[in-house]
Amino acid sequence: GAAIAIADGIGSSAVSHVASETAVKSFLTDYYDTPDTWSVKSAAQRVIAAANSWLHAETRRSRHEPDRGYVTTFSALVLRSRTAHIFHVGDARIARVAQRSLDVLTEDHRVVLSADESYLGRALGAAAHVEIDHHTVAIEGGDIFVLTTDGVHEHVRPEAIVAEIATHAGDLDRAAEAIVRRAYENGS
């Protein structure tokens, strides 16, 4: 099937870009190298667990440098046959356009301490073992899935995301660019 992934390193780390890039690249490379006899769930979870192990080892190696945690959110969507397999750790999101709204298919793993303070409850690289959310949804013709990080979904309302997709229905790359532009403008 087709695999799509998104990751977002933690903002407090100078190496978060390495963590997020490693998570996505290793997933997309290693998932396709797993045996065809493995289920989608087994293959994806093993690949994600391996990436987590590497990231966590790197974080432990740099434990004396608190701004060098190899920690990242991670969400992946594997489309196979008529099923969407969703794998998720952190606060990146996978949603599906449902008429004029977004149906968010993941649950944020954020621990909220107050209106001003929260932290990731789960992320790749944060611990030796990672709990990976997995579930499936049936795919229908014409489904549009949207993957975002908090840099987008905290600054652009779901209705605006759907509106940009509708406006640029023939060119989803342009829709994505318009959504990112809105997030940048609203977050500045």
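Definitions and limits used
- Residues numbered from 1 in each chain as written.
- Predicted model: local features only at pLDDT ≥ 70, side-chain atom pairs only at ≥ 80, totals over all residues.
- Heavy atoms only, no water.
- Core = buried A, V, L, I, M, F, W, Y, C linked by side-chain atoms within 4.5 Å.
- Buried < 20%, exposed > 50% of the residue type's maximum accessible area, 1.4 Å probe, protein only.
- Helix = DSSP H or I, 4+ residues; strand = E, 2+ residues; numbered from the N terminus.
- Contact = heavy atoms within 4.5 Å.
- Pairing = 2+ DSSP bridges.
- Axes fitted to C-alpha atoms, helices over the stretch in contact; angles between N-to-C directions.
- Left-handed = near helix turned anticlockwise from the far one by under 90°.
- Nonpolar A, V, L, I, M, F, W, Y, C, P; charged D, E, K, R; others polar.
- Expected span 1.5 Å × (residues − 1).

Caption draft 1: Layout of the nonpolar core. Counting 24 residues, the largest nonpolar core has Phe 27, Tyr 31, Ile 48, Phe 74, Val 78, Phe 87 and Leu 124 as the members making the most contacts within it. Where this core is concerned, the elements lending two or more residues are β1 (2-9), α1 (16-31), α2 (40-61), β2 (72-80) and β3 (83-89). When residues of this core are assigned to their parent elements, the largest contribution, 6 residues, is made by α2. Discounting residues that sit within four places of it in the chain, Phe 74 has contacts with Ala 5, Ile 6, Ala 7, Ala 23, Val 24, Phe 27, Ile 48, Phe 87, His 88, Val 89 and Leu 124. Core analysis: the next-biggest nonpolar cluster, separate from the first, contains 13 residues, Val 146, Ile 161, Ala 175 and Ile 179 among them.

Caption draft 2: The arrangement of the side chain of His 56 in detail. Tracing the backbone through its elements, the reader meets His 56 in helix α2. Residue classification places His 56 among the buried residues on the basis of a relative accessible area of 16%. Leaving out residues up to four positions away in the same chain, His 56 has contacts with Gly 125, Ala 126, Ala 127 and Ala 128.

Caption draft 3: Structural view of the sheet that holds β1. Read from one edge to the other, the open sheet built from 4 strands follows the order β1-β2-β3-β8, with strand pairing classed as antiparallel. Among the strands making up the open sheet, the edge pair consists of β1 and β8 (133-138). Taken pair by pair, the neighbouring strands of this sheet meet at an average axis angle of 15°, ignoring direction. Relative to β1, α1 is tilted by about 165°, and along the sheet it contacts β1 and β2. Along the sheet face, α2 touches β2, β3 and β8 and points at about 20° away from the line of β3.

Caption draft 4: Highlighting the packing of α1 against α2. At their nearest, the axes of α1 and α2 sit 9 Å apart, and the two run at 145° to each other. In the packing of α1 onto α2, the handedness of the crossing is right-handed. In contact with Ala 19, Thr 22, Ser 26, Phe 27, Asp 30 and Tyr 31 of α1, α2 contributes Val 40, Ala 43, Ala 44, Val 47, Ile 48, Ala 51, Trp 54 and Leu 55. The residue inventory of the contact of α1 with α2, partitioned by class, reads 11 nonpolar, 2 polar and 1 charged.

Caption draft 5: Structural context of α2. Spanning 22 residues, α2 covers 32 Å between terminal C-alpha atoms, matching the ideal 32 Å at 1.5 Å per step. Of all the residues in α2, the buried ones are Val 40, Ala 43, Ala 44, Val 47, Ile 48, Ala 51, Asn 52, Leu 55, His 56, Glu 58 and Thr 59.

Caption draft 6: The sheet that holds strand β4 (residues 93-98), seen in detail. Spatial ordering of the open sheet is given by β5-β4-β9, a layout of 3 strands whose pairing is antiparallel. Two strands lie at the open edges of the sheet, namely β5 (101-104) and β9 (145-148), each paired on one side alone. Adjacent strand axes in the sheet meet at a mean angle of 35°, parallel and antiparallel pairs treated alike. Pairing analysis gives 4 bridges linking β4 to β9, with the strands arranged antiparallel.

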